[in-house]
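If you want the building blocks of each chain, they are given just below.
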Amino acid sequence: MTIAIIGPGAVGTTIAAEIKKVLPETQLIGRYDKTMSYFPENTTHRFDIEVTSYDRVKQLFDVIIIAVKTHQLDSVIKQLSTIAHKDSLIILAQNGYGQVERIPYPNVFQAVVYISGQKINHQIKHFRDYQLYIQDNTLTRQFKNEIIGSKLNVTLEPNIEMKIWYKLLVNLGINSITALVHQPTKVLQYPHMTELCRHILADGVQVAYSEGIYFNETIIGDIMNIYAGYPNEMGTSVYYDVMNGNPLEIDAIQGYIYRRARYHQLKTPYLDTVYTFLSAYHLKYKHS
Ligand code: NAP
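Since this is a predicted model, take the numbers as computed values, not measurements.

> Break down the UniProt feature "domain: Ketopantoate reductase N-terminal" (unreviewed entry) in the protein for me, with residues and values.
As annotated by UniProt and renumbered to match this structure, "domain: Ketopantoate reductase N-terminal" (unreviewed entry) occupies residues 3-136. Secondary structure across residues 3-136 divides into 12% helix and 47% strand, with the first and last C-alpha atoms of the span separated by 19 Å.

Shown next, in the form of structure tokens:
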């Protein structure tokens with residue numbers, strides 16, 4: 001299998017660097033030629049990885065892993081015909097849901113990503129984890145076998161929807177609150193914020209239920225416990241995007257859940273409110 005990763009950011013560079021250790025021909029593709037310096041597991045060990053721009057790519061790939069932010073996906077779709085063949089396995093290594101339908105190829109899979117890292121200019125600081133969850137299928141099984149020996153841990157799921165919705169909900173509560181109040185996760189120390197967060201999650205759980213995703217009834221408490229374990233000064237991706245004046249990934253997270261709520265004609269006042277506020281913010285910065 002020939003493998004390409006699109007998007008030389010925190011997730012894409014980590015995936016490319018780890019797969020390259022077992023399949024050195026793997027390519028990391030970006031908008032421009034450049035070299036990324038990758039520092040795994042919070043260490044100072046540095047690996048340099050070449051990024052190839054689309055116009056220098058001269059082959060079609062069997063596996064393409066897309067690791068751009070969800071609002072950057074349209075620009076990648078325009079380039080796909082130059083790097084994908086009709087049977088390519090395309091894996092979306094992104095947060096959120098609802099992007100699969102936008103890719104005009106038959107073998108497209110949404111992965112659930114647990115890789116923690118940060119891009120600062122041409123450097124990638126990987127903090128922890130190398131985990132991707134993907135739907136079990138003949139092609140995804142081949143891919144998993146192909147990268148045996150790399151640190152990338154691919155878990156094949158019989159029903160990926162459950163994992164996708166779990167991550168959607170985890171992102172929904174804390175991302176919305178930290179982004180709206182411009183404070184890191186310690187904001188949940190205020191009891192009224194905890195209460196608000198529970199209401200937002202309850203709206204999300206209701207939508208999941210209508211989609212046929214049945215979580216255990218302790219789900220809200222379980223997620224609140226996860227948040228309680230976060231370091232006080234930790235931000236979330238949407239919080240950092242707001243603080244840095246960047247567009248947000250809300251269409252694929254809050255927006256996806258909101259659209260499914262409308263589809264099922266549900267009353268989700270907390271979700272609707274946070275989505276409306278975050279959308280107004282996103283529209284302001286989308287084209288800047
Ligand atoms: P990121 O660090 O901002 O990286 C995105 C990369 O995509 C950037 O290097 C950007 O290039 C590149 N890009 C943008 N448009 C492109 C295009 N048309 N063609 C090729 N490359 C393009 O983002 P990330 O943190 O890796 O996040 C990727 C996805 O993973 C997001 O959905 C995020 O929510 C999810 N995720 C992230 C983490 C994390 O810890 N970072 C954890 C779990 C999930 P330039 O460098 O040229 O701007």
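Resuming the write-up.
> Describe in detail the UniProt feature "domain: Ketopantoate reductase C-terminal" (unreviewed entry) in the protein, supporting the description with residues and values.
In the numbering adopted here, UniProt assigns the feature "domain: Ketopantoate reductase C-terminal" (unreviewed entry) to residues 159-281. Secondary structure across residues 159-281 divides into 67% helix and 0% strand, with the first and last C-alpha atoms of the span separated by 34 Å.

> Go over the site of the ligand with me, naming the residues and quoting the values.
Every one of the 26 residues lining the ligand counts as a neighbour, but Val 11, Arg 31, Tyr 54, Ile 115 and Glu 249 are closest to it. Contact between the ligand and Tyr 54: a nitrogen atom at 2.5 Å from a side-chain N or O atom of the residue. Relative to its free-state accessible area of 900 Å², the ligand is covered by the protein chains to the extent of 87%. Of all the secondary-structure elements, those providing two or more residues to the shell around the ligand are helix 1 (10-20), helix 2 (73-77) and strand 7 (108-120). When residues of the shell around the ligand are assigned to their parent elements, the largest contribution, 5 residues, is made by strand 7.

> Describe the domain arrangement of the protein, and please don't skip the residues or the numbers.
Domain boundaries in the protein define domain 1 (1-157) and domain 2 (159-282). Each of domain 1 and domain 2 was reduced to a C-alpha centroid, and the two centroids are 26 Å apart. When the buried surface of domain 1 facing domain 2 is broken down by residue, His 71, Asn 95 and Tyr 97 rank first, second and third, together holding 40% of it. Between the two partners, domain 1 and domain 2, sit 1 salt bridge. At the surface where domain 1 touches domain 2, the tally comes to 8 residue pairs in polar contact (both at pLDDT 80 or more).

> Break down the nonpolar core for me, citing the residues and quoting the values.
Trp 165, Leu 168 and Tyr 227 are the most contacted members of the largest nonpolar core, which totals 35 residues. Elements that contribute at least two residues to this core include exactly helix 4 (160-181), helix 5 (191-210), helix 6 (219-228), helix 8 (254-263) and helix 9 (269-286). Take this core: its biggest share by element is 9 residues, from helix 4. Both domains that furnish three or more residues to this core are identified here as domain 1 (1-157) and domain 2 (159-282). In this structure Leu 168 touches Gly 96, Tyr 97, Ala 252, Ile 253, Tyr 256 and Ile 257, once residues within four positions along its chain are discounted. Ile 3, Ala 93, Ala 111 and Val 113 belong to the second-largest nonpolar core, a separate cluster that totals 31 residues.

Rules used throughout
- Residues numbered from 1 in each chain as written.
- Predicted model: local features only at pLDDT ≥ 70, side-chain atom pairs only at ≥ 80, totals over all residues.
- Heavy atoms only, no water.
- UniProt positions renumbered as here; feature names shortened; annotations may be inferred.
- Helix = DSSP H or I, 4+ residues; strand = E, 2+ residues; numbered from the N terminus.
- Near = heavy atom within 4 Å.
- Polar contact = N/O pair within 3.5 Å; in protein donor to acceptor, adjacent residues only side chain to side chain.
- Areas by Shrake-Rupley, 256 points an atom, 1.4 Å probe, with all protein chains shown as cover.
- Domains from an automatic or database assignment.
- Buried area = accessible area lost by both parts, 1.4 Å probe.
- Salt bridge = Lys/Arg side-chain N within 4 Å of Asp/Glu carboxyl O.
- Core = buried A, V, L, I, M, F, W, Y, C linked by side-chain atoms within 4.5 Å.
- Buried < 20%, exposed > 50% of the residue type's maximum accessible area, 1.4 Å probe, protein only.
- Contact = heavy atoms within 4.5 Å.

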